[in-house]
Amino acid sequence: MTINPRMLILAREAQGLTQQDLAKATGLAQSTLSKAENGLRPLPEADVPQVAKVLKVTPDLLTWQEEVYGFGSASFFHRKQQSLSQRTLRKIQARVNLLRMRLVRLSDGIAVDTSLTIPRIDIDDVETAAEAARRVRAAWRLPMGPVPNLVNIVEAAGGTVVLRDFETHRINAISVWHPGSGPLFVLNSELSPERQRFVLAHEIGHMVMHEGELPRDTAEQEADGFAEELLMPAAEISKDLGGIDVRRAAALKPYWRVPMQSLIIRAEHLGIISPARSRSLHAYMNKAGYLASEPAPLEREEPQVYREMLRIHVEEHDYSIRELSQVIGMTEEDLSDELAPPSRRGLRLVRG
């Protein structure tokens, strides 16, 4: 068994461990791990099972040859948070990479029946992010008014949405679209249901307008503008935002399915209220504790595709838990956790 140094590093970082941490947990010399990770000397084969056990992966995963992508690549988008430690960033990056690799392996033998696609739009051709959002709404044949279930629509367009605990509130989501795999949106599971929708719309904006481009200073502002128009079209919401205050925002929230805070910001951006009025409303919401936790949370939109892929392998392709754990490099215990609870009906997956 020949260990791929990159996968050894990736699996270690996914657990948030340093070389020293791993050496202590496995009883190996740190120098042995260092040489293995630098490709200077193979990890002793007899030690591979113990290392894999500590890293909560199968030994075979450490031999995978898939490409590893970082936050700095054109395929990754995330909100920059300077206060995050390098260990935290590496941990999240590693976990997203492993998830993407597992999805590729799960997709073998399964075809996803999708009627829509996530389009690519050059922001310089359409001039504004709002126009890009209007074109996406048209491509997805969305009716006038609120977007009903954004997660379902994204997955019907060939994307995969997964909720994960990032163990920090400073990163909301990461999205990646790598050749050979579909668009992947990993959302922080700590987001409120309404905030989750806006963050997903923001990441869709990155996918549509910025995928494959060099980083640009205006990317975050453009993604926010895209999300606002996708979820709250100016032509339809303007009349609802007249005279908006906190009470009015609370009344509009269940209909438009966005945070109260987003409704107030939208009113400001559309020139319906002044920046001073917007700041005043935000100050009131902050004092009431609404910025941390809004009243009347929405029902969470639950992703389906990832769990459905797992279910098909077990129930239709007759994989045992042990066999499937080998396919995706996951421990049997973690795989059992991923399989619970059953997916809701929605997107149809068929045998390839």
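Residues numbered from 1 in each chain as written. Predicted model: local features only at pLDDT ≥ 70, side-chain atom pairs only at ≥ 80, totals over all residues. Heavy atoms only, no water.

## Brief notes about the layout of surface pockets
At step 1: Estimated volume of the largest pocket: approximately 630 Å³.
At step 2: If you trace the largest pocket, you find 24 residues lining it, with R95, R102, R164, D334 and E338 closest to the centre.
At step 3: Residue contributions to the lining of the largest pocket peak at seven residues, all from helix α5 (residues 86-107). (1 Å grid on protein atoms, 1.4 Å probe; cavity = no way out; pocket = protein on both sides within 12 Å on 5 of 7 lines; lining within 4 Å. Points joined across faces, edges and corners; volume = space filled by probe spheres on them. Helix = DSSP H or I, 4+ residues; strand = E, 2+ residues; numbered from the N terminus.)

## Digging into the packing of aromatic side chains
At step 1: Scanning all chains against the criterion turns up one aromatic pair.
At step 2: Ring centres of Y255 and W256 lie 5.3 Å apart, and the angle between their planes is 90°; on these two criteria the pair is classed as edge-to-face.
At step 3: The partly exposed category is assigned to Y255, whose relative accessible area is 49%.
At step 4: Note that R105 overlies the ring of W64, its terminal NZ or CZ placed 3.7 Å from the centroid.
At step 5: We note R120 situated over the ring of W177; from NZ or CZ to the ring centre the distance is 3.9 Å. (Phe/Tyr/Trp six-rings, centres within 6.5 Å; stacked < 30°, edge-to-face > 60°. Buried < 20%, exposed > 50% of the residue type's maximum accessible area, 1.4 Å probe, protein only. Lys NZ or Arg CZ within 6 Å of the ring centre and 35° of its normal.)

## Observations regarding the confidence of the model for the protein
At step 1: Mean pLDDT over the protein: 91, with 93% of residues reaching 70 or higher.
At step 2: Across residues 342-352 the pLDDT falls below 50, and counting only partners more than four positions away or on other chains, this stretch makes 33 contacts in the model. (pLDDT = per-residue confidence, 0-100. Contact = heavy atoms within 4.5 Å.)

## Considering unusual backbone geometry
In most cases, non-glycine residues show a negative phi, while peptide bonds are predominantly trans.
At step 1: Even without glycine at this site, R141 takes up a positive phi of about 55°.
At step 2: Mapped onto the elements of the fold, R141 is located in the loop between α7 (129-139) and α8 (150-156).
At step 3: Looking at R141, the relative accessible area reads 60%, which means it is exposed.
At step 4: For A296, which is not glycine, the phi dihedral falls at a positive 55°.
At step 5: Along the chain, A296 falls in the loop between α14 (275-288) and α15 (305-315).

## Some remarks on the pattern of salt bridges
Pairing of side chains with opposite charge becomes possible as their charged atoms draw close.
At step 1: Evaluation of the coordinates by the stated rule reveals 21 salt bridges.
At step 2: We note a salt bridge from R134 to E229, for which the minimum N-O separation is 3.4 Å. With a gap of 95 residues between them, R134 in helix α7 and E229 in helix α10 (residues 219-231) connect regions that are remote in the sequence.
At step 3: Accessibility expressed as a relative area gives 38% for R134, which makes it partly exposed.
At step 4: One salt bridge connects R164 with E338, and the closest N-O pair in it is separated by 2.6 Å. (Salt bridge = Lys/Arg side-chain N within 4 Å of Asp/Glu carboxyl O.)

## Comments concerning the side chain of T160
At step 1: With respect to the helices and strands, T160 occurs in strand β3 (residues 160-164).
At step 2: In this view, T160 contacts L103, E155, P183, L184, F185, V305 and Y306; residues no more than four positions away in its chain are not counted.

## Observations regarding the packing of helix α13 (residues 260-269) against α14
At step 1: Where α13 contacts α14, the axes come no closer than 9 Å and their chain directions differ by 170°. When the interaxial angle is binned, α13 and α14 end up roughly antiparallel. Contacts between α13 and α14 involve M260, Q261, I264, I265 and E268 from the first element and P275, S278, L281, H282 and M285 from the second.
At step 2: Grouping the constituent residues of the contact of α13 with α14 by class yields six nonpolar, three polar and one charged. (Axes fitted to C-alpha atoms, helices over the stretch in contact; angles between N-to-C directions. Parallel < 35°, antiparallel > 145°, perpendicular 65-115°, else oblique. Nonpolar A, V, L, I, M, F, W, Y, C, P; charged D, E, K, R; others polar.)

## Side note on the nonpolar core
At step 1: Of all hydrophobic cores here, the largest spans 52 residues; its most connected members are I204 and F226.
At step 2: Top contributing element to this core by residue count: helix α9 (residues 193-210), with eight residues.
At step 3: If near-sequence neighbours (up to four positions away) are discounted, I204 is found in contact with W140, L150, V154, F185, F226 and L230.
At step 4: With 24 residues, the next largest nonpolar core counts L89, L99, I312 and I328 among its residues. (Core = buried A, V, L, I, M, F, W, Y, C linked by side-chain atoms within 4.5 Å.)

## Here's the deal with the pairing of strand β5 (residues 184-188)
At step 1: The buried fraction of β5 is high, at five of five residues.
At step 2: Here β5 shows no split at all, with L184, V186 and N188 on one side and F185 and L187 on the other all buried.
At step 3: In this structure, β3 lies alongside β5, joined through five bridges in parallel fashion. If you follow T160 over to β5, its bridge partner there is L184. (Pairing = 2+ DSSP bridges.)

## Some thoughts on the packing of α15 against helix α16 (residues 321-328)
At step 1: Contact pair α15 / α16: the axes reach a minimum separation of 10 Å and the direction vectors enclose 135°. One element, α15, and the other, α16, form an angle in the oblique class. For the pair α15 and α16, the crossing hand works out as right-handed. In contact with L310, H313 and V314 of α15, α16 contributes I321, L324 and I328.
At step 2: In the contact of α15 with α16, the residues fall into five nonpolar, one polar and no charged. (Left-handed = near helix turned anticlockwise from the far one by under 90°.)

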